[in-house]
Amino acid sequence: IDAVKDALRAGLQLATEEVPLKINLIAPPIYVISVTLFAEEKGVEAVRAAMDAIKTSIELSKGTFNVKLEPKVVTEREDQKLQEEMEQRERDNARKGRR
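The structure displayed is predicted, hence computed values, not measured ones.

Engineer: What is the right way to read the confidence of the model for the chain from this model?
Structural biologist: Close reading of the predicted structure is inappropriate where its pLDDT is low. Averaged over all residues, the pLDDT of the chain equals 90, while 98% of them reach at least 70. Averaged pLDDT values over the elements of the chain bottom out at 83 in helix α3 (residues 76–98) and peak at 96 in helix α2 (residues 40–60).

Engineer: Just to check I follow, could you spell out helix α1 (residues 2–12) for this structure?
Structural biologist: Side chains of residues three or four places apart in an α-helix project in the same direction, reflecting 3.6 residues per turn. Among the residues of α1, those classed as buried are A7, L8 and G11. Within α1, the buried residues cover an arc of 95° as seen down the axis, which keeps them to one side. In this fold, the buried residues of α1 make contact with β1 (22–27), β2 (30–34) and α2.

Engineer: How should the pairing of β2 be read in this particular structure?
Structural biologist: As paired elements, β1 and β2 share 5 bridges and run antiparallel to each other. Residue A27 lies in a different strand from β2, and its bridge partner there is I30. Where β1 hands over to β2, the hairpin turn is made up of 2 residues, counted between the paired strands.

Reading guide: rules and limits
- Residues numbered from 1 in each chain as written.
- Predicted model: local features only at pLDDT ≥ 70, side-chain atom pairs only at ≥ 80, totals over all residues.
- Heavy atoms only, no water.
- pLDDT = per-residue confidence, 0-100.
- Helix = DSSP H or I, 4+ residues; strand = E, 2+ residues; numbered from the N terminus.
- Buried < 20%, exposed > 50% of the residue type's maximum accessible area, 1.4 Å probe, protein only.
- Arc of directions from axis to C-beta.
- Contact = heavy atoms within 4.5 Å.
- Pairing = 2+ DSSP bridges.

Structure, rendered in C-alpha cells:
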C-alpha cells in the first residue's frame, strides 16, 4: 500500500498551477488521472508524464503497472459520466466495507 501511495505521489509531483493533475481512486487497484486544460495536447502529455512517473515508481518497488485506457481528450459529458461511475464504485466499496 505504501508503494502505491508513493507512486501516486510521484505522479502528482508533476502537477503545477498551470497543469492541475488529479488522481482519483475508482476501485483498488484502479485509478484515473485527469487534468482540465484548454490546451488538449498539453493535457494528454501531462497525463502521460504522470503515468510514466507512477510506472517507474511502482516497478522500482517490484510491482506491476497496467494501463487500462490510454490518455485521451474527453468531453464534459464523458467526464460527468466518469465522475458518476467513480462515485458509484466508491459507494459500492463503502457498502462492502460495512459487511
